[in-house]
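Examination of the molecular architecture
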Amino acid sequence: GPDLDLLEAAAHQAGGHDRVIASAGVSTIDDVRGLARRGYAGAILGRALYEGRIDLTEALIAADA
């Protein structure tokens, strides 16, 4: 999963979770949900999408919830 400690430090430096995009380690729909709950601006899902571990439609719904 994503490095939440690093993301929290980045959010602190950037002035909020809504200014940070998670760009590594996001490999499950639960990762997407967790990041969305914390208010992150987004996530890069490249490899997880490519390998079929995350469905794009499901991820968009999870991020919007």
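Residues numbered from 1 in each chain as written. Predicted model: local features only at pLDDT ≥ 70, side-chain atom pairs only at ≥ 80, totals over all residues. Heavy atoms only, no water.

Observations concerning the overall build of the protein
- The secondary structure content of the protein amounts to 4 helices and 2 strands.
- Its helices and strands in sequence order give the protein the pattern α-β-α-β-α-α, from N to C terminus.
- What you see for the protein is a C-alpha radius of gyration of 11 Å, in line with the 11 Å of a compact globule of 65 residues.
- Here the C-alpha coordinates of the protein stretch approximately 35 × 20 × 15 Å along the principal axes.
- A buried classification covers 28% of the 65 residues belonging to the protein.
- Taking contacts inside the protein between residues at least 6 apart in sequence as the whole, the part at least 24 apart equals 40%.
- As displayed, the protein offers around 4400 Å² of accessible surface, 52% of which is attributable to carbon and sulfur atoms.
- A distance of 1 Å separates the average location of the 6 positive side-chain charges in the protein from that of its 10 negative side-chain charges. (Helix = DSSP H or I, 4+ residues; strand = E, 2+ residues; numbered from the N terminus. Rg over C-alpha atoms; globule rule 2.2 N^0.38 Å. Buried < 20%, exposed > 50% of the residue type's maximum accessible area, 1.4 Å probe, protein only. Contact = heavy atoms within 4.5 Å. Areas by Shrake-Rupley, 256 points an atom, 1.4 Å probe, with all protein chains shown as cover. Lys, Arg positive; Asp, Glu negative; His and termini not counted. Charge placed at Lys NZ, Arg CZ, Asp CG, Glu CD.)

Structural notes on the nonpolar core
- Counting residues in hydrophobic clusters, the biggest one holds 14 residues, and the most contacted among them are Val32 and Ile54.
- When residues of this core are traced back to their parent elements, those giving at least two are helix 1 (4–14), helix 2 (29–38) and helix 4 (56–64).
- Considering every element that reaches this core, the biggest residue donor is helix 2, with 3 residues.
- Beyond its immediate chain neighbours, meaning those up to four positions away, valine 32 contacts Val26, Leu45, Ile54, Ala59, Ala62 and Ala63. (Core = buried A, V, L, I, M, F, W, Y, C linked by side-chain atoms within 4.5 Å.)

Description of the pattern of salt bridges
- In this structure the tally under the stated criterion is 4 salt bridges.
- Linking aspartate 30 and arginine 33 is a salt bridge whose minimum nitrogen-to-oxygen distance equals 3.0 Å. Note that aspartate 30 and arginine 33 are positioned in helix 2 at a spacing of 3 residues, about one turn of the helix.
- By relative accessible area, aspartate 30 is classed as exposed at 52%. (Salt bridge = Lys/Arg side-chain N within 4 Å of Asp/Glu carboxyl O.)

Brief notes about a nonpolar patch on the surface
- Residues Leu49, Leu56 and Leu60 make up a contiguous nonpolar surface patch of about 270 Å² in total accessible area.
- Secondary-structure assignment places leucine 60 in helix 4.
- The class for leucine 60 is exposed, based on a relative accessible area of 55%. (Patch = residues over 30% accessible without salt bridge, like charges linked within 9 Å, V, L, I, M, F, W, Y side chains within 5 Å.)

Section: helix 1
- Two or three places before aspartate 5, at the opening of helix 1, aspartate 3 has a side-chain oxygen 3.3 Å from that residue's backbone nitrogen.
- Positive backbone phi, at 95°, marks glycine 15, one or two positions downstream of helix 1. (Polar contact = N/O pair within 3.5 Å; in protein donor to acceptor, adjacent residues only side chain to side chain.)

Thoughts on the environment of glycine 52
- Turning to its location among the elements, glycine 52 is positioned in the loop between helix 3 (46–50) and helix 4.
- We classify glycine 52 as exposed; its relative accessible area is 59%.

The analysis is restricted to geometry; functional conclusions fall outside its scope.
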